[in-house]
Amino acid sequence: MDFSPQLLDSLHAARAIAVLTGAGISAESGVPTFRDAQTGLWAQYDPTELATPQAFQRNPKLVWEWYAWRRELVGKAYPNLGHIALADMERHLTARQSHFTLITQNVDGLHRQAGSQNILELHGNIHRTKCFRENEVVEEWADTGDVPPLCPRCGAYLRPDVVWFNESLPQTEWRAAVEAATSCDLFFCIGTSSLVQPAASLPHYALQAGAVVVEINPNETPLSQNPSPGRLYSLRGKAGDLLPQLVAAVWGLA
Ligand code: OAD
């Protein structure tokens, strides 16, 4: 892709970059997105039956097993060129004493596997487990045959440490994400439908604070419609194609 010279200048000059990613960045690793029409998880499964605390209370076995299936799926996935380009971007920025923050809605852990360091996981991590009652992370538990397994401290059901609908985001991560969005000079919004709040507000906070915003997505989103001439670039394409090209165009090949 031919990137606009103004965009390349903004990237060169940036002293603080914040990035928000969604399921689309992991699509090329074979992890299904949520809202893509044919292949998205929410086209096949009902989120109200699987991704709310109420659903877990109604049918804990179903919910636990659905997340166990997804954990196995992402356990077999590898970071793709998009994840790797973001880890390269962070290395280039930090080598120049510039700031880089990667805010992700993904629970798959692939950014860390790709080498990214400064990561804020807004929706938790599917590889972690916590107690449904105490809300504390649990590392080990006895295999009693119960599904879901039981908390070794209090005997309540264990659940995946992900954020469900009707739950709040982890406040430390959310505050750090808002701080990164409002203090960066360039904000990337990659592979997200920009529909789920509060994460979808972050690019708007960045625009209001004066940052240049770059969206990377093969499809239009509500963010693409934002009337911010000269400060919003909507790059149409796959993250695994466009990010390595952009990193090479700005910082040279790693
Ligand atoms: P969505 O499934 O809503 O959106 C995925 C986006 O990725 C879409 O806009 C696609 O066009 C885009 N996409 C697909 N392939 C891509 C590629 N190769 N490169 C770049 N973009 C691509 O996923 P999210 O926006 O992440 O929350 O969804 C946000 C939250 O809603 C998730 O964290 C999850 C979900 O319900 C919970 O489970 C609580």
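In what follows, the structure referred to is the one given above.
Now for a description of the structure that goes with this document. Counting restarts for each chain, with residues numbered from 1 along the sequence as it is written. The model is predicted, so local features are restricted to residues of pLDDT at least 70 and side-chain atom pairs to those at 80 or more, both for listing and for counting; the totals for chains, interfaces and linings are taken over all residues. Based on all heavy atoms of the structure, the side-chain values leave hydrogens and waters out of the count.

1. Observations regarding the site of the ligand
Here is step 1 of the chain: Around the ligand lies a shell of 23 residues, among which Phe34, Arg35, Thr192, Ser193 and Asn217 are the nearest.
Here is step 2 of the chain: In this structure, Arg35 approaches the ligand through a main-chain N or O atom, which is 2.7 Å from an oxygen atom.
Here is step 3 of the chain: Side-chain atoms alone can form a polar contact between residues adjacent in sequence; in general such a contact is a pair of N or O atoms within 3.5 Å, and within protein one must be able to donate a hydrogen while the other accepts it. Residue Ser193 places a side-chain N or O atom 2.6 Å away from an oxygen atom belonging to the ligand.
Here is step 4 of the chain: Throughout, the Shrake-Rupley method with a 1.4 Å probe supplies accessible areas, and for residues the shown protein chains are the sole cover considered. With the chains in place, 94% of the 800 Å² that the ligand exposes on its own is no longer accessible.
Here is step 5 of the chain: In terms of residue class, the shell around the ligand is made up of nine nonpolar, 10 polar and four charged. Nearness is judged by heavy atoms alone; a residue qualifies as near a molecule or strand once a single heavy atom is within 4 Å of it. Asp, Glu, Lys and Arg are counted as charged, while Ala, Val, Leu, Ile, Met, Phe, Trp, Tyr, Cys and Pro are counted as nonpolar; the rest, among them Gly, fall into the polar class.

2. Here we look at the sheet that holds strand E7 (residues 212-216)
Here is step 1 of the chain: A pair of strands is considered paired only if DSSP assigns at least 2 bridges between the two. Helix and strand labels come from DSSP, where a helix needs a run of H or I of at least four residues and a strand needs a run of E of at least two; each type is numbered from the N terminus. Taken together, six strands build an open sheet; the order of strands is E3-E2-E1-E6-E7-E8 and the sheet is parallel. Edge positions in the sheet fall to strand E3 (119-121) and strand E8 (232-235), since each has one partner strand and no second. The average undirected angle you get between the axes of adjacent strands in this sheet is 15°.
Here is step 2 of the chain: Summarising the sheet, strand E1 (residues 16-21) and strand E2 (residues 99-104) pair through six bridges and their orientation is parallel. The convention used is that axes are lines fitted to C-alpha atoms, helices contributing only their stretch in contact, and that angles between N-to-C directions extend from 0 to 180 degrees.

3. Thoughts on the pattern of salt bridges
Here is step 1 of the chain: In the sections that follow, a salt bridge refers to a side-chain nitrogen of Lys or Arg positioned within 4 Å of a carboxyl oxygen of Asp or Glu. Evaluation of the coordinates by the stated rule reveals 10 salt bridges.
Here is step 2 of the chain: Linking Glu49 and Arg58 is a salt bridge whose minimum nitrogen-to-oxygen distance equals 3.8 Å.
Here is step 3 of the chain: Residue classification places Glu49 among the partly exposed residues on the basis of a relative accessible area of 38%.
Here is step 4 of the chain: The salt bridge involving Asp161 is made with Lys130; its shortest N-O contact spans 3.6 Å. Only protein chains enter the accessibility calculation, which uses a 1.4 Å probe. A residue is then buried if its area is under 20% of the maximum for its type, exposed if over 50%, and partly exposed in between.

4. Comments concerning helix H9 (residues 171-183)
Here is step 1 of the chain: To estimate the expected span of a helix, count its residues, drop one, and scale the result by 1.5 Å. Spanning 13 residues, H9 covers 18 Å between terminal C-alpha atoms, matching the ideal 18 Å at 1.5 Å per step.
Here is step 2 of the chain: Those residues of H9 that fall on the buried side of the exposure criterion are Trp174, Ala177, Ala180 and Ala181. End-on, the buried residues of H9 take up no more than an arc of 125°, which puts them together on one face. Residues Thr172, Arg175 and Glu179 are exposed on H9 and point more than 90 degrees away from its buried face.
Here is step 3 of the chain: The contact rule is simple, with two residues in contact once any of their heavy atoms fall within 4.5 Å. Structurally, H9 contributes buried residues whose contacts are with E1, E2, E3, strand E6 (186-190) and helix H10 (202-208). Each C-beta atom gives one direction from the helix axis, and the arc is the one those directions make.

5. So, the packing of aromatic side chains
Here is step 1 of the chain: Centres within 6.5 Å are what make two rings of Phe, Tyr or Trp a pair, Trp counting through its six-membered ring; a difference in plane orientation under 30 degrees is then read as stacked, over 60 as edge-to-face, and the rest as tilted. The final tally for this structure, using the stated rule, is 11 aromatic pairs.
Here is step 2 of the chain: Note on Phe56 and Phe132: the rings are 4.9 Å apart at their centroids and 40° apart in plane angle, and the pair reads as tilted. Placement of Phe56 in helix H5 (residues 53-58) and of Phe132 in the loop between strand E4 (124-131) and strand E5 (158-162) is noted, with a sequence separation of 76 residues between them.
Here is step 3 of the chain: The exposure class assigned to Phe56 is buried, which follows from its relative accessible area of 1%.

6. Overview of the side chain of Ser194
Here is step 1 of the chain: Summarising the element assignment, Ser194 is placed in the loop between E6 and H10.
Here is step 2 of the chain: Excluding residues within four positions of it along the chain, Ser194 makes contact with Cys189, Ala200, Glu215, Thr221, Pro222 and Leu223.

7. Things to note about unusual backbone geometry
Here is step 1 of the chain: Residue Pro148 follows Val147 across a cis peptide bond; omega there is -5°.
Here is step 2 of the chain: Within the secondary structure layout, Pro148 lies in the loop between E4 and E5.
Here is step 3 of the chain: One non-glycine residue, Asn135, lies in the positive phi region at around 65°.
Here is step 4 of the chain: Here Asn135 is to be found in the loop between E4 and E5.
Here is step 5 of the chain: Within the chain, Asn166 stands out as a residue other than glycine whose phi angle is a positive 75°.
Here is step 6 of the chain: The topology assignment puts Asn166 in the loop between E5 and H9.

8. Things to note about the pairing of E7
Here is step 1 of the chain: With five of five residues buried, E7 lies mostly within the body of the structure.
Here is step 2 of the chain: Residues of E7 alternate between two faces, with Val212, Val214 and Ile216 on one and Val213 and Glu215 on the opposite face, all of them buried.
Here is step 3 of the chain: Here is how to tell: hold the view so the strands point away, follow the path from the first strand over the helix to the second, and if it runs clockwise the crossover is right-handed. Taking the sense of rotation as the criterion, the β-α-β connection linking E6, H10 and E7 turns out right-handed.
Here is step 4 of the chain: Of the pairings in the sheet, the one linking E7 to E8 comprises four bridges and is parallel in character. In the sheet register, Val214 faces E8, and the bridge partner there is Tyr233.

9. A few points about the environment of Tyr157
Here is step 1 of the chain: On the secondary structure map, Tyr157 appears in the loop between E4 and E5.
Here is step 2 of the chain: Of the residues examined, Tyr157 reaches a relative accessible area of 36% and is grouped as partly exposed.
Here is step 3 of the chain: Taking C-alpha positions, Tyr157 is 6.3 Å from Cys131, a pair spaced 26 residues apart along the chain.
Here is step 4 of the chain: For Tyr157, the contacting residues outside a window of four places in its chain are Phe56, Pro60, Lys130, Cys131, Phe132, Pro148, Pro149 and Leu150.

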